[in-house]
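Per-entry structural report
Take a look at the letters that make up each chain.
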Amino acid sequence: MKNLACLAAFAALAVADDDKLYISGQMQTKEKYTYGKFRGACSGPGKKGTTVGFFTQWTGPNWDYTQWNSIEMEIVPSMANPLSLDLSYGDGNTRIEYQNFQSGFQPTDQEHVYEFTWSPNEVNFSVDDKLLKTYSKGNPGVDQQTKAQNIIFNMWAPRYDAHEDDWSAGRDDWDMPWYASCDWIEYHAYDAASDSFSLTWRDDFDGDSIDMNRWEFANNSTWDQDLAIYMDSQVYAWNGRAYLKMERIPSSFLQ
């Protein structure tokens, strides 16, 4: 799978890049975490040709594709089974993925609680408190998942060529703008002695503002398989929710 969404955090490009069609948003924690329980009450627009991600990823320092670490939950409406669960690591030469598309789950534009737990012993993926997938110690994706990672929430526009995993199929942007949002996000720290997790913080995005001591926004950045450019203007809070907004690039951006 070509899903490399968080390369946007590393590859800043000029907004006038003429093969981009959209602007969208990405927010990530300033702090990095090694192990924990990660939970978010989130929704996407349910639009084909979009991907909404709630995940963690190692972003450096000295970022190197061949040293990849990430744990990802992504909503991919163009796929028949539109929830992608992905555990990835770098083996020194390339990125190795353990990816599973969940059957029987259609998130559309409804809110669900997306959760994954990460410890030295296993990685678990759940939705609405229902366990969907477990990877256990002994799996290289678990054993090599050791780097401190940022929590990331983003929405992007895949540009993949037609093939069996075409995440871009069926995109029709006539009714843009489109929105993804989170009501809250939680982080629970891992305690090795008890092999358990305890709530460390919860962000409810109250007060129509986002805590910029905790979060930062990607700005003027993208990557080759994304038709959108991340702009900080596309991330905001309103009525107790954090929002990402995707829309066509305004003509003023291309002048």
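It should be emphasised that the depicted structure is a prediction, and the values quoted were computed from it without experimental measurement.

So, about the state of the cysteines. Under the counting rule described, the total for this entry stands at 1 disulfide. A sulfur-sulfur distance of 2.1 Å marks the disulfide that ties Cys42 to Cys182. The disulfide joining Cys42 to Cys182 has a torsion of about 85° about its S-S bond and is therefore right-handed. With a gap of 140 residues between them, Cys42 in strand S3 (residues 36–43) and Cys182 in strand S12 (residues 178–191) connect regions that are remote in the sequence. One exposure class covers both Cys42 and Cys182, and it is buried.

The next subject is empty space enclosed by the protein. Tallying each qualifying case throughout the model produces 1 cavity of 30 Å³ or more. Taken as a whole, the largest cavity encloses approximately 40 Å³ of empty space. Every residue along the wall of the largest cavity is listed here: Cys42, Val52, Gly53, Phe54, Met73, Ile75, Tyr114 and Phe153. Only strand S4 (51–57) and strand S5 (69–75) provide two or more residues apiece to the lining of the largest cavity. When residues in the lining of the largest cavity are grouped by element, the largest group, 3 residues, is from S4. A per-class count over the lining of the largest cavity returns 7 nonpolar, 1 polar and no charged.

A few words on the sheet that holds strand S11 (residues 150–156). Within the open sheet, the 7 strands sit side by side as S7-S6-S5-S4-S11-S2-S14. Their pairing is antiparallel. Two strands bound the open sheet, and with one partner strand each, they are strand S7 (95–102) and strand S14 (215–217). Taking each pair of neighbouring strands and ignoring which way they run, the sheet shows an average axis angle of 15°. Looking at chain direction, strand S2 (residues 26–29) and S11 are connected through 3 bridges and run antiparallel. Opposite Gln26, over in S11, you have Asn154 as the bridge partner.

Once that is clear, we can look at the environment of Ala192. When you line up the elements, Ala192 lands in the loop between S12 and strand S13 (196–203). For Ala192, a relative accessible area of 59% puts it in the exposed group. The spatial distance from the C-alpha of Ala192 to the C-alpha of Tyr35 is 9.6 Å, given a sequence separation of 157 residues.

Here we take up the environment of Arg214. Position of Arg214 relative to the elements: it lies in the loop between S13 and S14. With a relative accessible area of 22%, Arg214 lands in the partly exposed category. As a C-alpha pair, Arg214 and Asp203 span 11 residues in sequence and 9.2 Å in three-dimensional space. In this structure, Arg214 is in contact with Gln28, Thr29, Lys30, Trp201, Arg202 and Asp203, ignoring residues within four places of it in sequence.

For any pair of aromatic rings, the description rests on two quantities: the centre-to-centre distance and the angle between the ring planes. One pass over the structure, following the stated rule, counts 23 aromatic pairs. Ring centres of Phe125 and Tyr135 lie 6.4 Å apart, and the angle between their planes is 85°; this geometry places the pair in the edge-to-face category. Residue Phe125 is found in strand S9 (residues 122–127), and its partner Tyr135 is found in strand S10 (residues 130–136); the two are separated by 10 residues along the sequence. For the pair Phe125 and Tyr135, one class covers both residues: buried. For the ring pair Phe205 and Trp215, a centre distance of 6.2 Å and an interplane angle of 40° mean the geometry is tilted.

To continue, consider the pairing of S3. Taken across its 8 residues, S3 has 7 buried, putting it largely inside the fold. As defined by bridge partners, S3 adjoins S12 across 7 bridges and the pair is classed as antiparallel. Looking at S12, one finds that Phe38 is bridged to Tyr187.

About the criteria used
Residues numbered from 1 in each chain as written. Predicted model: local features only at pLDDT ≥ 70, side-chain atom pairs only at ≥ 80, totals over all residues. Heavy atoms only, no water. Disulfide = S-S within 2.5 Å. Helix = DSSP H or I, 4+ residues; strand = E, 2+ residues; numbered from the N terminus. Buried < 20%, exposed > 50% of the residue type's maximum accessible area, 1.4 Å probe, protein only. 1 Å grid on protein atoms, 1.4 Å probe; cavity = no way out; pocket = protein on both sides within 12 Å on 5 of 7 lines; lining within 4 Å. Points joined across faces, edges and corners; volume = space filled by probe spheres on them. Nonpolar A, V, L, I, M, F, W, Y, C, P; charged D, E, K, R; others polar. Pairing = 2+ DSSP bridges. Axes fitted to C-alpha atoms, helices over the stretch in contact; angles between N-to-C directions. Contact = heavy atoms within 4.5 Å. Phe/Tyr/Trp six-rings, centres within 6.5 Å; stacked < 30°, edge-to-face > 60°.

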